[in-house]
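Spelled out, the chains give:
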Amino acid sequence: MVVLSKPAIEQFSVIKTCKPATFFGGIPLIDLSKPDSRNLLVKACEEFGFFKVINHGVPTEFISRLESEAVKFFSMPLPEKEKAGPPDPFGYGNKSIGTNGDVGWVEYLLLTTDPEFNFQRLSSIFGQNREMIRCALDYVSAVKKMACEVLELMAEGLKIQQRNVFSKLLMDEQSDSVFRLNHYPPCPELQEMNDRNLIGFGEHTDPQIISVLRSNNTAGLQISLRDGNWISVPPDQNSFFINVGDSLQVMTNGRFKSVRHRVLANSTKSRVSMIYFGGPPLSEKIAPLPSLMGGKEDSLYKEFTWFEYKKSAYKTRLADNRLGLFEKI
Ligand code: GA4
């Protein structure tokens, strides 16, 4: 029998940690039902580019239904899953991320959030399994609504008059948003490797405006603090984790930070995560908002459209500093 799914572990980045990862207790917690959330959001985006939200309004059944569909999909035999691949750019991918040589201990489904496109492509991939598509569409529309609410609170917190200045980009019919289901299988070999960790998804920043992540209760996500130290994010399946993307960093002229993050594989438990990446229309100019510049400040970035940034980003490796190419010297 030919085993397709288990290339030698040495092919994957293994990192050495000096001490066992301890969970970080200082991740900003934003309760969306509280009136002070707008100011706390701004503070979190400035300090970390990352925060956790509760009272988010996304129905629990949308989350659990999609998670169980995802678990069903990833439990299928590899040749079945491969019928939904390769991710060019949408579809099933296994261990290889992007097109420039990145690998990780992960399998995934990459989808657009354009229902028309997904219905056509996914119906042909999943055949009878319409349930997966339905669940993904319900989930994405609820998460998108919450992401827009968060972006509007951010605009208010920044004292921008037009409260939909960010959210309108996600609401636009042409919004170039992506949805990703990731499965990090357990890697039992890790137990013999003591203080070593295996990269599930290598360090990177997200190119879009905002990313909304929900995972099951398996740890793995880490974020990089301003001082370059990596901290482990305690998993919480009832909350969402939100990070600032490169485009939001640019629109706030560097005031909000696009956070570097990565995922480490686990030796015993499967991690399943679902991430909505809210992006603007391809033709949108990504530039600092005039209302944040006070007439005096200079833009830190050259002018570019989302199309130009995305094209350039997709030519990079995960860990590259993609915004560096667009910074003014
Ligand atoms: C990171 C954020 C999203 O997962 C993603 C990723 C994309 C991919 O998996 O194809 C990229 C990565 C992400 C940034 C740099 C390029 C493109 C892999 C890669 C090496 C879907 C996205 O939009 O950018």
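Residues numbered from 1 in each chain as written. Predicted model: local features only at pLDDT ≥ 70, side-chain atom pairs only at ≥ 80, totals over all residues.

## Section: the overall build of the protein chain
Filter applied, for reference: Elements are defined by DSSP. Helices are runs of H or I of four residues or more, strands are runs of E of two residues or more, and each kind is numbered from the N terminus. Throughout, the radius of gyration refers to the C-alpha atoms, and the reference size of a globule is 2.2 Å times the residue count to the power 0.38. Three classes are used. A residue is buried when 20 or more other C-beta atoms lie within 10 Å of its own, exposed when 12 or fewer do, and partly exposed in between, with C-beta atoms placed from the backbone. We call two residues in contact if the C-beta atoms placed from their backbones are at most 7 Å apart.
For the protein chain, the count of helices and strands is nine helices and 15 strands. Expected size for 329 residues packed as a compact globule is a radius of gyration near 20 Å; at 19 Å, the protein chain falls within 12% of this value. Expressed as lengths along the three principal axes of its C-alpha atoms, the size of the protein chain is roughly 70 × 50 × 40 Å. Taken across its 329 residues, the protein chain has 38% of its residues classed as buried. A sequence separation of at least 24 residues applies to 73% of the contacts in the protein chain between residues at least 6 apart.

## Describing the environment of Ala-265
Summarising the element assignment, Ala-265 is placed in the loop between strand 12 (261-264) and strand 13 (271-278). For the pair Ala-265 and Leu-190, spaced 75 residues apart in the sequence, the C-alpha separation amounts to 8.7 Å. What Ala-265 contacts, discounting residues up to four positions off in sequence, is Trp-105, Tyr-184, Cys-187, Leu-190, Leu-198, Gly-200 and Gly-220.

## So, the pairing of strand 3 (residues 50-54)
Two faces make up the sheet, and in a regular strand the side chains alternate between them. Our working definition: At least two DSSP bridges between two strands are required for those strands to pair. Handedness of a crossover: with both strands directed away from the viewer, a clockwise path from the first strand across the helix to the second marks it as right-handed.
With three bridges connecting them, strand 2 (residues 29-31) and strand 3 associate as parallel partners. By the bridge assignment for strand 3, Asp-31 is matched with Ile-54. Handedness of the crossover joining strand 2 and strand 3 through helix 1 (residues 37-47) is recorded here as right-handed. Relative to strand 11 (residues 240-244), strand 3 runs antiparallel, the two being bridged by four bridges. Directly across from Phe-51, in strand 11, lies its bridge partner Ile-242.

## As for the sheet that holds strand 1 (residues 14-16)
For clarity, the threshold we go by: Where helices are involved, their axes are fitted lines through C-alpha atoms of the stretch in contact, as for all axes, and angles between N-to-C directions lie from 0 to 180°.
The strand order across the open sheet formed by five strands is 1-7-12-9-10, and the pairing between neighbours is antiparallel. The strands lining the two open edges of the sheet, one partner per strand, are strand 1 and strand 10 (230-232). Across the sheet, the axes of successive neighbouring strands diverge by a mean angle of 40°, strand direction being ignored. Note that strand 1 and strand 7 (residues 196-204) share three bridges and pair antiparallel. Paired with Lys-16 across the two strands is Arg-196, which belongs to strand 7.

## Overview of the sheet that holds strand 2
Reading across the sheet, the eight strands line up as 2-3-11-8-13-6-5-4 and stay open at both edges, with mixed pairing between neighbours. Either end of the sheet is taken by a strand with one partner, and the two such strands are strand 2 and strand 4 (91-97). The mean angle between the axes of side-by-side strands here comes to 25°, regardless of whether they run parallel or antiparallel. Contacts from helix 1 reach strand 2, strand 3 and strand 11 within the one sheet, and its direction differs from that of strand 2 by about 155°. Sheet strands in contact with helix 5 (residues 130-157) are strand 3, strand 5 (102-112), strand 6 (178-184), strand 8 (210-215), strand 11 and strand 13, and its direction is about 55° off that of strand 13.

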